[in-house]
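Single-letter residue listing:
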Amino acid sequence: MSKPARVLTFKCDTCTKPVKVFLQKVSACSHIQPYQGLCACGELKRHATGNPDAVASYLQSSDGNWSHHH
């Protein structure tokens with residue numbers, strides 16, 4: 001299995017400028033690879049790949065205290 005990319009670039013939903021999101025530290029499980037970054041305009045951008053339920057949970061969480069539990 002290949003390793004996930006450490007940095008991805010997306011277009012900001014607010015100002016449409018490019019925003020880099022960085023792979024967040026998670027447990028050793030491969031169910032989810034969460035990414036997060038802050039645009040120059042101040043908008044928080046989140047992205048995740050992996051298990052659809054874990055991804056939905058991550059994207060719906062409103063704070064930085066989200067964690068994946070088994």
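Relevant structure appears above.
The rules behind these values
Residues numbered from 1 in each chain as written. Predicted model: local features only at pLDDT ≥ 70, side-chain atom pairs only at ≥ 80, totals over all residues. Heavy atoms only, no water. Phe/Tyr/Trp six-rings, centres within 6.5 Å; stacked < 30°, edge-to-face > 60°. Lys NZ or Arg CZ within 6 Å of the ring centre and 35° of its normal. Pairing = 2+ DSSP bridges. Helix = DSSP H or I, 4+ residues; strand = E, 2+ residues; numbered from the N terminus.

A.B. asks: Honestly, the packing of aromatic side chains in this entry has me stumped. Any pointers?
C.D. replies: For any two aromatic rings, the description comes down to two numbers: the centre-to-centre distance and the angle of the planes. For the coordinates displayed, the defined rule picks out zero aromatic pairs. Its end group placed over the ring of phenylalanine 10, lysine 45 keeps NZ or CZ at 5.3 Å from the ring centre. Sitting over the face of the ring of tyrosine 58, arginine 46 holds its NZ or CZ atom 4.5 Å from the ring centroid.

A.B. asks: Help me understand the pairing of strand E1 (residues 7-11), please; the structure alone is not making it clear to me.
C.D. replies: Put simply, side chains in a regular strand alternate between the two faces of the sheet. Pairing analysis gives five bridges linking E1 to strand E2 (residues 18-23), with the strands arranged antiparallel. Bridging across to E2, threonine 9 finds its partner in lysine 20. The turn linking E1 back onto E2 is made up of six residues, and threonine 16 within it adopts a positive phi angle of 65°.

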